[in-house]
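# Working through the structure, step by step
Residues per chain, in single letters:
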Amino acid sequence: MAGRRAFSVKDLPGFATIAIACFLVLYAPIVTLVVYSFNAGDSVAIWQGFSWRWYESAWDNRQVQEAAIRSVAIASAASAISTVLATMAALGTTRRAPFRGQMVIYTLINQPLMVPEIVTAVALLIFFSMIKIATGYSGLAYLIVAHSAFCIPFAYLPIRARLEGMDLTLETAAADLYATPWQAFRRVTLPLMMPGVLAGAMLAFVISLDDVVITEFVKSAGQETLPTYMLGQLRRAVSPEVNAISTALLVPTVVLLTAFYLLNRRRS
Amino acid sequence: MTSDRHQVAVEARRVGKVFGDGTSAVRALDDVSVSIRQNEFFTLLGPSGCGKTTLLRLIAGFEHPSSGQILLDGTDISREPPYRRPVNTVFQSYALFPHLTVEGNIAFGLQMLGRQRDEIAETVDEMLALVKMESLRNRRVAQISGGQQQRVALARALAPRPRVLLLDEPLSALDLKLRKEMQIELKRLQHQTGITFVFVTHDQEEALTMSDRIAVMSDGRILQIGSPREIYERPASRFVAHFIGDTNILDGVCEPGPDGAGRLRLACGLAASSPDPGRRGAVSVLVRPEHLELGEPADGEVIGVIERAVYFGTDTHYHVSLGETHQVVVRRQNRRGDASRLAEGARVGLRLDGDAVQFLDD
């Protein structure tokens, strides 16, 4: 019975305590936020009974409605654009023998992960305002372009991971079996990379949906998204309505991330 | 000549292939010419890096020659892309499409060729029967064993009825027993389909047992082309002799013998009547281990000492030293009593049959 066991990190003293502490720090605030979104009172700190009133008030709030629609529109467009670009980048960087400068290309594609977001935001603000002055256009396109750009690495990474697990000989085999390059892509590469593409698109959508910093700098007047609207509300008065919007925003995020996880798990 | 040319399925004409450029250029094939006949089981045999797979990829169209031509049925196809060549490949990794079923994989080539639905279904049934995989037609390829994947890969490549089937070391991932089965299976498929097979391997035994003809390659060149028997019994060079089977390469001289016949005297002490009576002077000869005979140490015979006996089941390889510096390998089918009589350290008589000697000219 006293046989030697293999080393396990679980045997270290305090492992369970630290793990529980970490989960508390991560999830206790979110649980609190969700709980107080159902508060009947005006406070975000004193519980006064259960109610849907803040959800009703958010639902009826025209500004929230507009911001929500805008957020979804931007996220959909940015997710679509960045996924297409990321797919092309991933195909270009993985469906071939390793090449010189590969790491440089990876780094360039993943630039948004490395450059501080605030720097990008300031740069975009200055750059886009020049264009706005020159063209007079101040529509949603600026936000869509900016979101597409920073979503690219989030779409790129799962697609690349998927493609790297795929035998390069598959396209060769397709060509050997009379498939033209387009047919080989359509019938072999694309169906096999699809889980990665969907995962990338979902991740990009979620990332776009909750962006604050770049949106705050790039948006023109009257272009609030849900996150920037909430930020604006918090600056004035803290109301459980923000809790309700946050909780509502949490739902698609959790759903998409679960789907992302399931798609990636199926790969193995 | 005309009828000969008619029978050629694939021809490589002075083909060269260089990868990379400048100082990092690697010459994978150097002036290779070979004609592969229709319905032939032709093997490209050589160590890794000898250019055999490159030659296969040139025939398939995955690479294009740097110089020379590849002809299929007399037509130059050197510049055709793989999807326009009536040539299919069985890949070393099989490269089955993981998102398709067994059936879907086999139908792929026919679908790309735009065949009718009925015809595809019929051919797929036929192929499944040919490789005995009918019961697994709806399985995903990830759900079947390596040996079964191998069969699917074969069926997939045979389904479009290619003029030539290329096989790139397809048996290397299988265990010994399965490999032996597939060797027989491949021969059967070739007979049944009448398709020309071009088979790449580094396994000399595989090449000898399966091929109609073998091309032995080294360093991007073809050293010898011939039937398995020709390659084994009359290797054209030291490299071929060493690469195909176990071998003794011995030095000696040819002298005039009694009655005008030539006499071959080897440095290790062995002697025999010369297979080439007119020949004189220093020579190198090849003697296969099974052509040396072990006996009781008797008068007039060369006496050796068994240094090592390596047991192979049906036979044993005896490493016999002759004097201080010479050693030969003798293969002998195992008989009762060998184990005690021919133990390591035993003294034995050695006899060489002159007919079994092959002169090496390089």
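The structure reproduced in this document is the subject of the present report. Worth saying up front: this structure is predicted, and the values here are computed from it rather than measured.

### Some details on the interface of chain B and chain A
At the junction of the two partners, chain B supplies 24 residues and chain A supplies 18 residues. When chain B packs against chain A, the two sides together hide about 1,900 Å² of surface, and 69% of this comes from carbon and sulfur. Broken down residue by residue, the surface that chain B buries against chain A is led by B:Y83, B:H99 and B:M112, which jointly contribute 35%. Linking chain B with chain A are zero salt bridges.

### Some remarks on the sheet that holds strand β11 (residues 248-256) of chain B
In sheet architecture, strand pairing relies on hydrogen bonds along the backbone and comes in two forms, parallel and antiparallel. All names here are of chain B. The strand order β13-β12-β11-β14-β20 describes an open sheet built from five strands, whose pairing is antiparallel. Each of the sheet's edge strands pairs with one partner strand only, and the pair in question is β13 (271-273) and β20 (358-360). For this sheet, the mean angle separating the axes of adjacent strands, direction not counted, is 40°. Where strand β14 (residues 281-287) and β20 come together, three bridges link them in antiparallel fashion. The partner of L286 across the bridge, within β20, is Q358.

### Examining the pairing of strand β4 (residues 67-72) of chain B
All names here are of chain B. Across five bridges, the pairing between strand β1 (residues 8-19) and β4 is antiparallel. Within β4, the residue paired with V10 across the bridge is L72. Relative to strand β5 (residues 75-76), β4 runs antiparallel, the two sharing two bridges. Its bridge partner being in β5, L71 is matched across the sheet by D76. Where β4 folds back onto β5 in an antiparallel hairpin, the turn is made up of two residues, including D73, whose phi is positive at roughly 50°.

### Some thoughts on the packing of aromatic side chains
Residue and element names in this part refer to chain A. Applying the stated criterion across every chain yields a total of 17 aromatic pairs over all chains. An angle of 15° between the planes, with centres 5.2 Å apart, marks the rings of F38 and F50 as stacked. In this pair, F38 sits in the loop between α1 (15-36) and α2 (53-60) while F50 sits in the loop between α1 and α2, placing the two residues 12 residues apart along the sequence. Judged by its relative accessible area of 54%, F50 falls in the exposed class. Arranged with centres 6.2 Å apart and planes meeting at 45°, the rings of F127 and F128 form a pair that is tilted. For F128, a relative accessible area of 7% puts it in the buried group.

### Re a nonpolar patch on the surface
Residue and element names in this part refer to chain A. A contiguous nonpolar surface patch, about 1,100 Å² in accessible area, is contributed by F23, L26, Y27, I30, V31, V35, W47, F50, W52, L250 and V254. Secondary structure elements with two or more residues in the nonpolar patch: α1 and α12 (240-267). Sort the elements by how many residues they give to the nonpolar patch and α1 lands first, with six residues. Mapped onto the elements, I30 comes out in helix α1. The class of I30 is partly exposed, set by a relative accessible area of 35%.

### Observations regarding the side chain of B:T123
Residue and element names in this part refer to chain B. Note that T123 resides in helix α4 (residues 117-130). Take T123: its relative accessible area is 12%, and that puts it in the buried class. At 2.8 Å, the side chain of T123 and the backbone oxygen of E119 are in polar contact. Apart from the residues lying within four places of it in its own chain, the contact partners of T123 are L110 and A159.

### Description of the nonpolar core
Residues B:F97 and B:F108 are the most contacted members of the largest nonpolar core, which totals 68 residues. The residues contacting B:F97, other than those within four sequence positions of it, are A:L170, A:A173, A:A174, A:L177, A:V188, B:N105, B:F108, B:V141 and B:R156. Core analysis: the second largest hydrophobic core is formed by 36 residues, B:V141, B:L158, B:A159 and B:M210 among them.

What counts, and where the lines are drawn
Residues numbered from 1 in each chain as written. Chains lettered and ligands numbered in written order. Predicted model: local features only at pLDDT ≥ 70, side-chain atom pairs only at ≥ 80, totals over all residues. Heavy atoms only, no water. Contact = heavy atoms within 4.5 Å. Buried area = accessible area lost by both parts, 1.4 Å probe. Salt bridge = Lys/Arg side-chain N within 4 Å of Asp/Glu carboxyl O. Pairing = 2+ DSSP bridges. Helix = DSSP H or I, 4+ residues; strand = E, 2+ residues; numbered from the N terminus. Axes fitted to C-alpha atoms, helices over the stretch in contact; angles between N-to-C directions. Phe/Tyr/Trp six-rings, centres within 6.5 Å; stacked < 30°, edge-to-face > 60°. Buried < 20%, exposed > 50% of the residue type's maximum accessible area, 1.4 Å probe, protein only. Patch = residues over 30% accessible without salt bridge, like charges linked within 9 Å, V, L, I, M, F, W, Y side chains within 5 Å. Areas by Shrake-Rupley, 256 points an atom, 1.4 Å probe, with all protein chains shown as cover. Polar contact = N/O pair within 3.5 Å; in protein donor to acceptor, adjacent residues only side chain to side chain. Core = buried A, V, L, I, M, F, W, Y, C linked by side-chain atoms within 4.5 Å.

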